[in-house]
Amino acid sequence: MLDPYKIREDFPILKRKINNYPIIYFDNAATSQKPKQVIEAIKNFYENHNANVHRAVHTLSQEASELYEEAHEEAARFINAKGMEEIIFVRGTTEAINLVAYSWGCHNLTKDDEVIVSLMEHHSNIVPWELLSRVRGFNVVYVNVKKNGKLDYADFENKISKKTKIVCVSHVSNMSGVINDVKRIAKVAHEYNALTLVDGAQSVPHLPVDVNDLDIDFLTFSGHKMLGPTGIGVLYGKREILESMEPFQGGGEMIREVSFNATKKRCSIAWNILPWKFEAGTPNVCGGIGLMEAIKYLKRIGMENVKAHEEILTKYAIQKMAECKKVEIYGPKDTSVKCGIIPFGVEGLSSHDVALFLDNYGIMVRSGFHCAQPLHEIFGLKSSARISFYVYNIREEIDRFIEVLKEIEQI
Amino acid sequence: MLDPYKIREDFPILKRKINNYPIIYFDNAATSQKPKQVIEAIKNFYENHNANVHRAVHTLSQEASELYEEAHEEAARFINAKGMEEIIFVRGTTEAINLVAYSWGCHNLTKDDEVIVSLMEHHSNIVPWELLSRVRGFNVVYVNVKKNGKLDYADFENKISKKTKIVCVSHVSNMSGVINDVKRIAKVAHEYNALTLVDGAQSVPHLPVDVNDLDIDFLTFSGHKMLGPTGIGVLYGKREILESMEPFQGGGEMIREVSFNATKKRCSIAWNILPWKFEAGTPNVCGGIGLMEAIKYLKRIGMENVKAHEEILTKYAIQKMAECKKVEIYGPKDTSVKCGIIPFGVEGLSSHDVALFLDNYGIMVRSGFHCAQPLHEIFGLKSSARISFYVYNIREEIDRFIEVLKEIEQI
Amino acid sequence: MSRMPLPYNPKVLELFRNPKNLGKMEDATVTAVAGNPACGDMITFYLKINEQEVIEKASFESYGCAANIATSSIVTEMIKGVKLEDAWKISWKSVREAVGGLPSIKFHCGVLAVGALHRAIRKYYKNKGVSPSWLPEGLSFEEKQALEEEELAKILEKRLKTAEGK
Amino acid sequence: MSRMPLPYNPKVLELFRNPKNLGKMEDATVTAVAGNPACGDMITFYLKINEQEVIEKASFESYGCAANIATSSIVTEMIKGVKLEDAWKISWKSVREAVGGLPSIKFHCGVLAVGALHRAIRKYYKNKGVSPSWLPEGLSFEEKQALEEEELAKILEKRLKTAEGK
Ligand SMILES: Cc1ncc(COP(=O)(O)O)c(C=O)c1O
Ligand SMILES: Cc1ncc(COP(=O)(O)O)c(C=O)c1O
Ligand code: FES
Ligand code: FES
């Protein structure tokens, strides 16, 4: 088991007070806090090894390049990918999905094709497909979510067909915390020769994820949600698929050669090898190195332990929140089907006011629709408040949260 | 005047030794080093204010959002843009140019149109246009560079026509340091109703740049080349143009609303206001804040002083390098037409070996073609070594560099 | 639990708990809906206006937050018996003062209330086909911030069209 | 100036200063060009091969770095009088050892030299239209790292075609 009290000592921000109350950070699904090890790795990079990468001859660039490549290797091992060439560093999940839409979708999707998307997706797994569909003319087909918050697998199996070219589904819903059986989805998709893109933004930080076992084609996740810096994230793709794909952005380092042909009057270009083909321009080097440090931190804890810890907290919180008369929890309450994310409402109060009152007591929660408007529509909600846990959260914080919730019920 | 000796104290990496020699960092055109103020701002953000942005109700998110918006404002003031809505944070120059190619180019360029690009461009201002031209069918027209390294303005005025829709040119060449008269170029372009995109990756860090005075339509630059963190850069665009443009990536925060229409069976989307429309997903928040600190640092020095300091160093280095018999400087040597970038070669030695030998004595220089292959072809070079200066470089470093160069000549 | 000053002042809380003029008005002369892009909330304003262009009655419906309910409540009070021309002059800042201040994150909720009022007044004149000299042609700050449901839909539709046309 | 050990050992420097077998060979049986994607350098290998498949003479042209010249030089020496089958067995690691080691950033320069050799041997058999049993069908590590000029052009052309076809 992990020791959250010891872990807390690694997180400088937890010492901060808000309105004279110790901070209680329950907005982890939006972004996580950073341990001092990650902050130190960033500082150390800039103080000792900073240089542009891609192996210029000089020592600093050699060091920076090695660290940056090591970061890819570390990320590959973390999700059990075959190696660095399957790991593309991007800004985050959103860019990862857009990369697939532009580089794969633009060239592989046409008029009669279909892209399957679930209605519990974050906007970043809806908008790129909707935008592209308007240009390429394919259909976006939405798989229903049941009123209980679970994916409607029957509807999925009904809707998938030979027309389906890719199935885009989140591993864990960022609104309800529901875990989807992506292994099952990928299996069905492959029977129809469709690819599977799994949005792992809410799973990779909280559960063990093994791309080999799941047999998925793309996985996307964001460093900032897993103790890492902002501005860095990962697109995993099966090597053969990445190799067959067109590049996304053009620029330095993603090409092997540009030369000007004076007779043809145009420049000719040859791509670089994976993963660099998809990392045009100077990458977020320090972001990659910070992410590596975050992954090492999580590995020391052990992802099984992370999952177990959050399960305990979630169970406890759900049980305690049930004692609050005006509080309603949305979606499933069974922690065997969901992660440490609890959406809720307080009768008579706007979700934004719930967040505002909690903030007044130093408790940070999210309100609104959390970039998952369609799912809110299914639940018949205008918006919701949301708490979400991570490795540094403790039972006492939940107790305090309940205390304040009860106070808020009185308003 | 700036005091480089005092400035040096702000840069922790300059205390490092390589092979027991004090480090001499002359690879500033590739990336700059970071002052402790920037490193501290990053640390402080993660230790005290880290949260996701876009104004969630809670205190941390309010603080992070304010800082992140302030960073946009600071960048706007730095280049004399009208305000935050003209400043889009991207990963760097490469992403900025790709954004314009995808969001503006994809929708405004067709078969008989022409895009003018100079042959002294960095690959990141060539490849996106070449890639797009293959899909949209327009022509990329290249403006010559004279053997002396200067842009061939007559050729430009010859090639521009009513077919020209956009002129893409770097403000300062990253290989030769030559400064282009982008004000003149923009004026001519506007006479033909063409837009002007200026790649400011090598100018914004080193010269005062005023988009209003230059009257250019797009300006791109990278934070990591101007004392800021990796993974952050700016696309400036005139407001009216940005407003008329289609979004680039789709996802959270770049939209105002996504709702699922059950009868039409599709999601409908409304964009967010500028600049957020173009910043899909969780941005590199800390990168933006680090960039703000870097800009503040440069403003305290004063960009006129930065320019003057580099001019002195460049003059001195060129004069001293002329004393080395086997050393040849490529491109113009007149510091009134160029910035602090000096490409050179040593007779009989590969540029990579020049860099390797210099590195052996702690001197970091670049070798290769610096992502500017076409310009090397014009100069008839396979590759070159390159030194480039910044605020923390000093005369003594040049003396030492010359000493080692003379040694290398003996090999 | 130690008592902290709440984010809302007592006046706002009181207005939230006991809002005035909450509810639909069957005999309204004009109705206007205003949506808030910042939080996604939506309110409806109902005005009964007489021949002298005086607001006889005002009411509102809101699914918004306490700040929104409080400011809407006070706006409907402020404009009762007031000429349209004078009602137009109410700014969101004056409303914010009238409720004794708001947390800065809640400013937009007050803006929405005034936006809905402005929108209703403009609609009244549009329906009548007249445009008084004091009514500015350009949208007020508050109107700009408060989008009409259909307006949102229109922006959207236009976007889709351009995208589809390509 | 204080004397530091140079990045190259004395043997590499000596071979660089006085390379063996540098220059074009007019009566070569086979010629192979190999390009280095890592640094953009290019070398040409010339082999004169007799009826017994023994390399009688070898030479090279290089615009590469000292490491490349030194390793190329030593490779041409190593293969003189050697059967093609045995020449094929030379790996870049053995070459690296033969020159007394290289800085790690310079490994690819030695790989290029061996890549050029492998490429030349393969070309010889291709020209002859035979393929000996010891010659692996798949490319060796060194061959993969050393691209032929035309190969580069081919990759490129294919890319352009796919892009244009769309
Ligand atoms: C002139 C010029 N343009 C563009 C770039 C690309 O910038 P980045 O790698 O930060 O995207 C560079 C830097 O390498 C440059 O010097
Ligand atoms: C499920 C899910 N997908 C995608 C995203 C978008 O991630 P990012 O904002 O880091 O691009 C998030 C985070 O907000 C998420 O929770
Ligand atoms: S939070 Fe939406 S109106 Fe106040
Ligand atoms: S650096 Fe190119 S061959 Fe050695």
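Asker: Please explain the site of ligand 2 as it appears in this structure.
Answerer: In the neighbourhood of ligand 2, 14 residues make up the surrounding shell, with Thr94, Asp199, Gln202 and Lys225 of chain A together with Thr282 of chain B lying closest. Note that a nitrogen atom of ligand 2 is positioned 2.5 Å from one of the side-chain N or O atoms of Asp199 of chain A. Take Thr282 of chain B: an N or O atom from its side chain is 2.5 Å from an oxygen atom of ligand 2. Here ligand 2 has 390 Å² of accessible area as a free molecule, and 95% of this is covered by the chains. By residue class, the composition of the shell around ligand 2 is 1 nonpolar, 11 polar and 2 charged.

Asker: What is the right way to look at the relation of the copies chain A and chain B in this model?
Answerer: The second copy of the chain is related to the first by a rotation about an axis and a shift along the axis. Mapping chain A onto chain B is achieved by rotating through 180° and translating by 0.0 Å along the same axis, at an RMSD of 0.0 Å. The superposition of one copy onto the other is thereby described by a two-fold rotation axis. When each C-alpha of chain A is compared by its distance to the rotation axis, Gly231 of chain A comes out closest, at 3.2 Å. Mapped onto chain B, 100% of the interface residues of chain A again fall at the interface, so both copies present the same surface.

Asker: Hey, could you run me through the interface of chain A and chain B in this one?
Answerer: Accessible area lost during the coming together of the parts is what is often quoted as the interface size. At the interface, 92 residues of chain A touch 92 residues of chain B. Counting every contact that joins chain A to chain B gives 4 salt bridges. One salt bridge connects Arg91 of chain B with Glu95 of chain A, and the closest N-O pair in it is separated by 2.8 Å. Taken together, the links from chain A to chain B amount to 34 residue pairs in polar contact (both at pLDDT 80 or more). In terms of residues, the side of chain A that touches chain B owes the most to one element, helix α2 (residues 36–49) of chain A, which gives 7 residues. Among the residues making up the side of chain A that touches chain B, the classes are represented as 43 nonpolar, 31 polar and 18 charged.

Asker: Please clarify how the environment of Val172 of chain A should be interpreted in this entry.
Answerer: All names here are of chain A. Among the secondary structure elements, Val172 is positioned in the loop between β7 (164–170) and α7 (182–191). For Val172, a relative accessible area of 2% translates into the label buried. If sequence neighbours within four positions are ignored, Val172 has contacts with Gly177, Val178, Ile179, Asp199, Gln202, Ser203, Leu207 and Cys339.

Asker: Can you walk me through the arrangement of the chains in this structure?
Answerer: In this assembly 5 pairs of chains touch, with chains A and B having more contacts than any other pair. Across all C-alpha pairs, the smallest distance from chain C to chain D is 16 Å, and the two are not in contact.

Asker: Just to check I follow, could you spell out the pairing of strand β7 (residues 164–170) of chain B for this structure?
Answerer: Residues and elements named next belong to chain B. The element β7 is extensively covered by neighbouring structure, given that 6 of its 7 residues are classed as buried. Of the strand pairs in this sheet, strand β5 (residues 114–118) and β7 are connected by 4 bridges, and their pairing is parallel. Bridging across to β7, Val115 finds its partner in Ile166. Examined bridge by bridge, β7 and strand β8 (residues 195–199) share 5 bridges and lie parallel to one another. Bridging from a neighbouring strand, Ile166 pairs with Leu195 of β8. Each parallel crossover has a hand, and the one from β7 via helix α7 (residues 182–191) to β8 is right-handed.

Asker: Even after reading the chapter, I still don't get the packing of aromatic side chains, so can you show me in this structure?
Answerer: Going through the model one piece at a time under the given rule, you end up with 39 aromatic pairs over all chains. Note on Tyr390 of chain A and Tyr392 of chain A: the rings are 6.0 Å apart at their centroids and 70° apart in plane angle, and the pair reads as edge-to-face. Like Tyr392 of chain A, Tyr390 of chain A is buried. Considering the side-chain rings of Trp92 of chain D and Phe141 of chain D, the 6.5 Å spacing of their centres and the 35° angle between planes classify their relative orientation as tilted. Taken together, the residues span a long stretch of sequence, with Trp92 of chain D in helix α4 (residues 92–98) and Phe141 of chain D in helix α6 (residues 141–145) at a distance of 49 residues. Taking the relative accessible area as the measure of exposure, Phe141 of chain D reaches 44% and is therefore partly exposed. The rings of Phe11, Tyr297, Tyr390 and Tyr392 of chain A are connected pair by pair, giving a single aromatic cluster. Here the guanidinium or amino end of Arg395 of chain A rests over the ring plane of Tyr316 of chain A, the centre of that ring lying 4.4 Å away.

Asker: Would you mind going over helix α14 (residues 395–409) of chain B with me for this structure?
Answerer: Every α-helix winds through 3.6 residues per turn, so residues three or four apart in the chain are directed the same way. Helix length check: α14 of chain B, at 15 residues, gives a terminal C-alpha distance of 21 Å against a target of 21 Å (1.5 Å per residue), a fit within 8%. Within the sequence span of α14 of chain B, burial applies to Glu397, Ile398, Arg400, Phe401, Ile402, Val404, Leu405, Ile408 and Glu409 of chain B.

Asker: Just to check I follow, could you spell out the packing of α2 of chain A against helix α10 (residues 285–301) of chain A for this structure?
Answerer: Geometrically, a packed helix pair is captured by the angle between its two axes and the distance between the axes. All names here are of chain A. Here α2 crosses α10 at 145°, and the two axes come no closer than 9 Å. The handedness of the crossing between α2 and α10 is right-handed. Residues Gln37, Val38, Ala41, Ile42, Phe45 and Tyr46 of α2 touch α10, and the partners they reach there are Val285, Cys286, Ile289, Gly290, Glu293, Ala294, Tyr297 and Arg300.

Asker: Looking at this structure, I do not really get the nonpolar core. What am I missing?
Answerer: Generally speaking, soluble globular proteins have nonpolar side chains that are buried together. Core analysis: the biggest nonpolar cluster contains 226 residues, and Trp129 of chain A together with Trp129 of chain B have the highest contact counts within it. Discounting residues that sit within four places of it in the chain, Trp129 of chain B has contacts with Ile97, Val100, Ala101, Leu109, Val115, Val117, Phe138, Val140, Ile166, Cys168 and Leu197 of chain B. Counting residues in each nonpolar core, the second largest holds 80 residues, with Ile318 and Phe389 of chain B together with Ala34 and Ala66 of chain D among its members.

Asker: Would you mind going over the sheet that holds strand β14 (residues 341–346) of chain B with me for this structure?
Answerer: Note: strands within a sheet are paired through backbone hydrogen bonds, in either parallel or antiparallel orientation. Residues and elements named next belong to chain B. Spatially, the 4 strands line up as an open sheet ordered β13-β14-β17-β16, and their pairing is antiparallel. The open sheet has two edge strands, β13 (327–329) and β16 (366–368), and neither has a second partner. Across the sheet, the mean angle from the axis of one strand to that of its neighbour is 30°, orientation sign disregarded. Bridge count between β16 and strand β17 (residues 384–388): 3 bridges; the pairing is antiparallel. Paired with Arg366 across the strands is Arg386, a residue of β17.

Asker: How should the site of ligand 1 be read in this particular structure?
Answerer: Neighbouring residues of ligand 1: 14 residues in total, closest Thr282 of chain A together with Thr94, Asp199, Gln202 and Lys225 of chain B. Proximal residues around ligand 1 fall on chains A and B, making this an inter-chain site. Between ligand 1 and Ser222 of chain B there is a distance of 2.6 Å, counted from an oxygen atom to a side-chain nitrogen or oxygen. Note that an oxygen atom of ligand 1 is positioned 2.7 Å from one of the side-chain N or O atoms of His224 of chain B. Protein burial of ligand 1: of its 390 Å² of free accessible surface, 95% is covered by the chains. Classifying every residue of the shell around ligand 1 by side-chain character gives 1 nonpolar, 11 polar and 2 charged.

Asker: What exactly am I supposed to notice about unusual backbone geometry here?
Answerer: All names here are of chain A. A cis amide bond, omega -5°, links Leu274 with the succeeding residue Pro275. Within the secondary structure, Pro275 sits in the loop between β12 (266–271) and α10. Unlike most non-glycine residues, Asn80 shows phi in positive territory, near 60°.

Conventions we followed
Residues numbered from 1 in each chain as written. Chains lettered and ligands numbered in written order. Predicted model: local features only at pLDDT ≥ 70, side-chain atom pairs only at ≥ 80, totals over all residues. Heavy atoms only, no water. Near = heavy atom within 4 Å. Polar contact = N/O pair within 3.5 Å; in protein donor to acceptor, adjacent residues only side chain to side chain. Areas by Shrake-Rupley, 256 points an atom, 1.4 Å probe, with all protein chains shown as cover. Nonpolar A, V, L, I, M, F, W, Y, C, P; charged D, E, K, R; others polar. Least-squares fit on C-alpha atoms with pLDDT ≥ 70 in both. Contact = heavy atoms within 4.5 Å. Salt bridge = Lys/Arg side-chain N within 4 Å of Asp/Glu carboxyl O. Helix = DSSP H or I, 4+ residues; strand = E, 2+ residues; numbered from the N terminus. Buried < 20%, exposed > 50% of the residue type's maximum accessible area, 1.4 Å probe, protein only. Pairing = 2+ DSSP bridges. Right-handed = clockwise from strand over helix to strand, strands pointing away. Phe/Tyr/Trp six-rings, centres within 6.5 Å; stacked < 30°, edge-to-face > 60°. Lys NZ or Arg CZ within 6 Å of the ring centre and 35° of its normal. Expected span 1.5 Å × (residues − 1). Axes fitted to C-alpha atoms, helices over the stretch in contact; angles between N-to-C directions. Left-handed = near helix turned anticlockwise from the far one by under 90°. Core = buried A, V, L, I, M, F, W, Y, C linked by side-chain atoms within 4.5 Å.

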